[in-house]
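Residue-level structural notes
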Amino acid sequence: MKITLSTVCVISLTGLFINIIIKLGRRQALVLILCLIELSAVAGQARYSIPEEQAEGSFVGNIARDLGLDVTRLISGKARIITKGGRQYVDLNKDKGILVIKERIDREELCGKTTPCSFSFEVILENPIQLYRVTVEVTDINDNSPSFPKDEINLNIVENAALGTRFSLLSADDSDVGVNDIQKYTLKPSDHFKLEVQNQSDGGRFVEMVLHNPLDREKEETHSLVLIASDGGEPRRSGTVRIHITVLDANDNSPVCSQPVYKAEVKENSPEGTVITTVSANDADKGHYGEVTYSIPPVAKETKQLFEVNVLTGEIKVTGKLDFEKSKTYQLNVQASDHGGFSDTCKVIIQITDENDNVPTIQLMSFSNSISEDSPPGTTIAVLNVDDEDSDGNGAVKCSINSDVPFKIESSLTGYYTIVTEDFLDRESNPEYNLTITVSDQGSPPLSSSKNINVKVSDVNDSPPKFDHSEYTKTVAENNSPGLSVFTVSANDADWGQNARVSYFLQERDINGLAVSSLVSVNSDTGVIHAVISFDYEQIKWFEFNVTARDAGSPPLSSVATVKIVVQDQNDNPPQVLYPVQTGGSLVAEMVPRSADVGYLVTKVVAVDVDSGQNAWLSYKLQKATDRALFEVGLQNGEIRTIRQVTDKDAVKQRLTVIVEDNGQPSRSATVVVNVAVADSFPEVLSEFTELTHDKEYNDNLTFYLVLALAVVSFLFITCLVVIISVKIYRWRQSRILYHSNLPVIPYYPPRYSDTLGTGTLPHVYNYEVCRTTDSRKSDCRFGRAGSQNVLIMDPSSTGTMQRIQSEKSILDESDSPLEYLSIIYCFHFSVNSLLNCCSYISLFFFPCSHHLLFLLWTLRAAVGLYSTCKALHPLYSSKYTVGEQDIRLFSTLILGGYIRSPTVDYNCIERRTISTV
């Protein structure tokens with residue numbers, strides 16, 4: 001197998017071309033130049049030669065190397081084979097870059113007798129589109145033997161046949177070509193006949209048997225011969241046919257054809273039965289031997305199916321479908337025979353004329369149904385092959401596309417056309433194009449065919465988003481709720497898909513020291529603008545910001561729109577009185593002399609409203625006055641004037657309440673109290689206004705403070721009770737533990753011990769000191785430690801000293817002793833006393849006129865005091881303890897101190913007393 005590039009052929013023929021130019025004339029040289037130009041137009045095509053009957057997968061050629069391509073280029077370019085016919089004999093191995101046999105190739109089936117035998121196909125690559133033509137020549141091998149149409153030939157020959165009489169024989173057929181075709185015929189034996197073979201113009205051979213020795217029926221009535229046809233292949237193959245000759249009696253004359261060669265023309269696609277021509281022959285004999293019949297010796301199967309001859313008349317008719325594209329000429333051998341065994345043969349050459357019966361065909365070799373809109377002019381979108389099986393003008397085709405598209409068609413190779421872009425594309429103007437490819441031949445009438453293809457223009461992000469308006473203005477009422485949807489900005493993108501997905505963003509900027517994102521926000525998907533805060537017209541009346549619309553292309557494109565938000569004023573601010581100034585602690589009064597006339601200007605109420613427009617239009621009205629007949633207020637200017645003459649009967653103290661209203665919907669108002677003193681001198685005014693009580697405007701939070709104070713005092717009281725009860729329980733548990741203990745008591749007597757302070761029989765001394773002030777809320781009670789807590793006094797004259805000491809010890813340590821019980825009761829009284837005192841002060845501060853409430857609180861204090869005194873004296877009168885009158889008086893004073901003010905008790909200081917426990 002070998003490859004031959006046409007470019008190599010051109011170079012190899014250059015030397016020969018120069019020599020021919022020298023020898024030939026100018027005209028012949030011009031023809032040769034044109035041929036070479038045509039050859040260079042297909043530069044780059046490859047040609048291979050392979051024998052037929054190769055096994056599948058056999059190597060054909062290295063197409064990548066021969067075309068100068070890399071294997072990676074074959075893979076990336078999606079290289080593939082395009083064939084015109086339905087069968088593909090060769091396959092492309094892209095991984096190795098070689099061509100291999102895909103299907104067994106039979107040269108006889110592919111080309112018949114045509115030589116050389118070859119088939120062509122195209123190798124096409126994409127990105128960019130490249131087209132290469134490959135021709136594979138199939139060489140013949142001697143795989144077919146010569147064969148005769150019949151196994152036997154029977155001839156009747158009269159015995160007096162003249163020497164040199166010719167008898168036509170059947171020719172053998174060999175599907176092979178060249179040296180593998182039939183090379184010679186041999187006749188055995190050759191006693192009476194010899195063999196002559198004549199070559200015909202169509203490449204066939206005419207075999208005749210010539211009589212060269214006379215026949216004698218009486219000596220040999222029959223003869224058997226063998227005709228052998230041999231080819232020149234390796235190994236040599238042959239075919240035979242047996243010839244049986246029967247010798248007849250004499251027939252003196254042979255038929256003679258009127259013409260040795262007949263030529264006729266017939267149109268392809270002629271109907272069956274069409275008479276092509278008529279052959280004739282004459283026989284000089286009379287009677288039975290003078291009758292001539294016509295026949296066509298066995299021929300190829302295809303020819304036998306197309307023609308027939310009338311046995312009696314010699315008319316040759318069409319019996320099949322003639323196709324100029326399959327065969328242009330046919331040659332028939334018509335044999336004229338008489339009944340005596342003589343015959344003559346004439347040739348009939350039939351020329352088939354072409355008819356425009358084949359419609360041009362269009363086959364897409366490569367097609368990309370999508371093209372980017374930024375593709376430059378000249379970008380290939382399709383490669384197509386146009387073919388017309390007719391010849392000459394009937395096969396000359398012209399290819400075109402519709403003119404309303406930005407594409408054009410160009411011819412690349414013979415029969416191949418490419419469709420390329422003629423101008424820049426714009427998907428937004430036209431997203432797709434319908435192309436109609438029309439091909440027509442030049443026959444009469446011309447035949448044409450068309451093919452429609454649809455080309456879609458893929459999007460490129462070349463169109464920025466466009467807002468409906470470059471500027472937006474929207475009015476928003478102040479005091480809006482945060483998150484209010486103000487309005488929606490919208491931008492459209494002429495692109496498609498991801499390139500048309502628009503997102504919205506705020507451009508950051510400062511507005512009165514605030515970032516625009518702290519005022520408004522925009523939904524990135526829908527473009528809805530929301531108010532982040534509640535707008536206040538008095539702080540900001542309008543503001544502008546920019547919204548950017550950006551698509552999702554790569555790179556992204558954007559556009560900007562300006563948005564202006566105008567804040568609309570609402571009547572949300574009441575009027576503010578600037579004059580007269582309202583003060584909580586001091587009294588301001590305007591003086592009007594008693595000699596004032598009608599229309600006297602007392603004062604002017606000055607008020608402003610921070611709203612705007614009609615919301616800031618103020619009107620003044622007199623709401624309340626001590627004497628309405630004395631004063632009036634100007635509706636627009638707020639001036640307070642007298643409407644009559646001031647008299648001595650008019651009160652000195654005049655109180656006017658002026659209301660200031662705006663013109664909003666609903667209207668808001670403010671009131672101001674104007675004190676007017678009708679007097680001629682300032683001392684008179686002071687004497688009248690010293691007893692003037694002012695109405696106080698209580699704050700709403702005072703109630704909260706009152707409740708808080710009560711809660712705190714209650715908490716302290718409950719905490720104190722819990723602590724006292726806890727201590728009580730703890731001591732009781734300790735006393736129980738000591739009481740049930742079985743440990744022995746061992747007394748200890750310190751040496752040299754004497755009691756110098758005690759005058760009675762008690763070994764322990766308890767001191768307490770109570771100091772009182774005239775104010776029951778401030779008191780102090782201090783209990784002293786036992787004076788001789790750690791001193792043991794012994795009476796040497798007493799024998800029961802130990803027992804008395806133990807008894808006294810148990811009394812002093814008793815958990816419910818009078819002093820301890822008294823301490824607990826006093827703490828309880830002190831907490832209750834503090835709680836009631838706090839309530840009294842709060843009621844006096846906030847409700848100075850509530851005498852009933854104050855009386856109720858002091859009654860509760862007295863009741864609690866009496867109850868506490870009874871509880872404190874109850875254990876003192878029990879059988880366990882003995883208390884004197886002064887002790888009872890002291891306890892009562894201690895408990896009732898701060899509740900009942902007794903004239904017999906010195907509240908400044910109560911002297912120290914000593915209570916001895918028996």
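Just above sits the structure.
This section reports on the structure supplied with the text. (Residues numbered from 1 in each chain as written. Predicted model: local features only at pLDDT ≥ 70, side-chain atom pairs only at ≥ 80, totals over all residues. Heavy atoms only, no water.)

**Describing the overall build of the chain**
Defined as follows: Helix and strand assignments come from DSSP, with helices taken as H or I runs of at least 4 residues and strands as E runs of at least 2, each series counted from the N terminus. When accessible area is computed with a 1.4 Å probe and restricted to protein chains, residues below 20% of their type maximum are described as buried, those above 50% as exposed, and intermediate ones as partly exposed. In what follows, residue pairs with any heavy atoms lying within 4.5 Å of each other are defined as contacts. Each accessible area is a Shrake-Rupley estimate made with a 1.4 Å probe; only the visible protein chains count as cover when residues are assessed.
From N to C terminus, the chain includes 13 helices and 54 strands. Looking at the 918 residues of the chain, the share that counts as buried comes to 38%. The long-range share in the chain, meaning contacts at least 24 apart out of those at least 6 apart in sequence, stands at 68%. Carbon and sulfur atoms make up 53% of the accessible area of the chain, which totals about 52300 Å².

**Comments concerning the sheet that holds strand E34 (residues 485-488)**
How we decide: Each pair of strands is called paired provided DSSP finds at least two bridges between the two strands. Working convention: axes come from line fits to C-alpha atoms, limited for helices to the stretch in contact. Angles between N-to-C directions cover 0 to 180 degrees.
Strands sit in the order E34-E40-E39 across an open sheet of three strands; the sheet is antiparallel. Every other strand in the sheet has two partners, leaving E34 and strand E39 (520-522) as the edge strands with one partner each. Put simply, the sheet's adjacent strands are angled 20° from each other on average, direction ignored. As paired elements, E39 and strand E40 (residues 528-531) share three bridges and run antiparallel to each other. Across the sheet, the residue bridging to Val520 is Ala531, located in E40.

**A look at the sheet that holds strand E11 (residues 193-199)**
Strand order across the open sheet formed by three strands is E9-E12-E11, with antiparallel pairing between neighbours. Both outer strands of the open sheet, strand E9 (166-169) and E11, are each paired with one neighbouring strand and no more. Strand-to-strand, the axes of this sheet are offset by a mean angle of 30°, without reference to chain direction. Judged from the seven bridges that link them, E11 and strand E12 (residues 205-211) form a sheet pairing that is antiparallel. Looking across to E12, one finds that Asn199 is bridged to Arg205.

**Some words on the environment of Ile50**
Among the structural elements, Ile50 can be located in strand E1 (residues 46-51). Judged by its relative accessible area of 2%, Ile50 is buried. For the pair formed by Ile50 and Glu137, sequence separation is 87 residues and the distance between their alpha carbons is 6.2 Å.

**Concerning the pairing of strand E41 (residues 542-551)**
As paired strands, strand E36 (residues 502-506) and E41 are joined by five bridges and run antiparallel to one another. Of the residues in E41, the one forming a bridge with Leu506 is Val547. Bridge analysis of E41 against strand E42 (residues 558-568) gives nine bridges, and the strand direction is antiparallel. Pairing of Phe543 across the sheet is with Ile565, part of E42.

**A closer look at a nonpolar patch on the surface**
Applied cut-off: Patch building starts from residues that exceed 30% relative accessible area and form no salt bridge, then joins like charges within 9 Å and nonpolar side chains (Val, Leu, Ile, Met, Phe, Trp, Tyr) within 5 Å. Salt bridges are defined as contacts in which a side-chain nitrogen from Lys or Arg sits within 4 Å of a carboxyl oxygen from Asp or Glu.
On the surface, a cluster of nonpolar side chains totalling about 660 Å² of accessible area is made up of Phe704, Tyr705, Leu708, Val712, Phe715 and Leu716. Structurally, Leu708 can be placed in helix H9 (residues 701-739). Leu708 gets classed as partly exposed once you look at its relative accessible area, which sits at 43%.

**Considerations on the environment of Cys111**
Relative to the assigned elements, Cys111 resides in helix H5 (residues 107-111). For Cys111, a relative accessible area of 16% translates into the label buried. For Cys111 and Val138, which are 27 residues apart along the polypeptide, the C-alpha to C-alpha distance reads 9.2 Å.

**Here's the deal with the pattern of salt bridges**
Opposite charge on two side chains permits them to pair, given that their charged atoms come into close proximity. Taken as a whole and assessed by the stated rule, the structure comprises 20 salt bridges. Here Glu122 makes a salt bridge to Arg133, at a shortest N to O gap of 3.5 Å. With a gap of eleven residues between them, Glu122 in strand E6 (residues 117-125) and Arg133 in strand E7 (residues 130-139) connect regions that are remote in the sequence. For Glu122, a relative accessible area of 3% corresponds to the buried category. In this structure, Arg644 and Asp627 form a salt bridge, with 2.7 Å as the shortest nitrogen-oxygen distance. Of this pair, Arg644 sits in the loop between strand E49 (639-642) and strand E50 (653-662) while Asp627 sits in the loop between strand E47 (618-625) and strand E48 (631-633), and the two are 17 residues apart along the sequence. Residue Arg644 is classed as partly exposed on the basis of its relative accessible area, which comes to 23%. Relative accessible area serves as the criterion here: at 22%, Asp627 is assigned to the partly exposed category. Because the salt bridges share partners, they merge into one network encompassing Arg87, Glu103 and Glu109.

**Some words on the side chain of Glu208**
Operational definition: Within 3.5 Å is the distance limit for a polar contact, defined as a pair of N or O atoms, with the added protein rule that one can donate a hydrogen and the other accept it, and that residues adjacent in sequence qualify only through two side-chain atoms.
The topology assignment puts Glu208 in strand E12. A relative accessible area of 10% means that Glu208 is categorised as buried. A polar contact of 3.1 Å, which involves the side chain of Glu208, links it to the side chain of Arg166. Setting aside its immediate chain neighbours within four residues, Glu208 contacts Arg166, Phe167, Ser168, Leu169, Lys194, Leu195, Glu196 and Gln198.

**Describing the packing of aromatic side chains**
Under the convention used in this document: Two aromatic rings from Phe, Tyr or Trp, using only the six-membered ring of Trp, form a pair when their centres are within 6.5 Å; if the ring planes differ by under 30 degrees the pair is stacked, by over 60 it is edge-to-face, and anything between is tilted. Any Lys NZ or Arg CZ that is within 6 Å of a ring centre and within 35 degrees of that ring's normal is treated as a charge sitting over the ring.
Enumeration over the complete set of coordinates arrives at eleven aromatic pairs. Ring geometry for Phe543 against Phe545: centres 5.9 Å apart, planes inclined by 25°, an arrangement best described as stacked. The class for Phe543 is buried, based on a relative accessible area of 1%. Relative accessible area serves as the criterion here: at 0%, Phe545 is assigned to the buried category. Among the aromatic residues, those joined into a ring-pair cluster are Phe467, Tyr472, Phe487 and Tyr504. The ring of Tyr537 carries Lys541 above its face, with NZ or CZ at 5.0 Å from the centroid.

**Let's talk about the state of the cysteines**
The following threshold applies: Disulfide: a pair of cysteine sulfur atoms within 2.5 Å of each other.
In this structure the tally under the stated criterion is one disulfide. Residue pairing for Cys111: its cysteine sulfur links by disulfide to Cys117, the two sulfurs lying 1.9 Å apart. Because the sign of the S-S torsion sets the handedness, a value of about 70° for the bond joining Cys111 and Cys117 places this disulfide among the right-handed ones. Grouping residues by exposure puts Cys111 and Cys117 together as buried.

**Considering the side chain of Asp495**
Basically, it comes down to this: Charge assignment: positive for Lys and Arg, negative for Asp and Glu; neither His nor the chain ends contribute.
Within the secondary structure, Asp495 is located in the loop between strand E35 (491-492) and E36. Buried within the structure, Asp495 lacks any salt-bridge partner; Arg427 is the closest side chain of opposite charge, at an N-O distance of 5.0 Å. The contact partners of Asp495, leaving out residues within four places of it in the chain, are Glu373, Arg427, Glu428, Asp459, Val460, Asn461, Asp462, Ser463, Ala500 and Asp551.

**What about the nonpolar core?**
Our working rule: Buried Ala, Val, Leu, Ile, Met, Phe, Trp, Tyr and Cys residues form a nonpolar core when they are joined through side-chain atoms within 4.5 Å.
Core analysis: the biggest nonpolar cluster contains 28 residues, and Ile529 and Phe545 have the highest contact counts within it. Elements that contribute at least two residues to this core include exactly strand E33 (471-477), E34, E36, E39, E40, E41 and E42. The residues contacting Phe545, other than those within four sequence positions of it, are Leu506, Arg509, Val516, Val520, Ile529, Ala561, Thr562, Val563 and Ile565. Leu69, Tyr89, Leu92 and Phe119 belong to the second largest nonpolar core, which has 27 residues in total.

**Topic: the pairing of strand E19 (residues 292-295)**
Only one face of E19 is covered, namely the one carrying Val292 and Tyr294; the face carrying Thr293 and Ser295 has none of its residues buried. Pairing between E19 and strand E22 (residues 329-338): four bridges, direction antiparallel. Of the residues in E22, the one forming a bridge with Tyr294 is Ala336.

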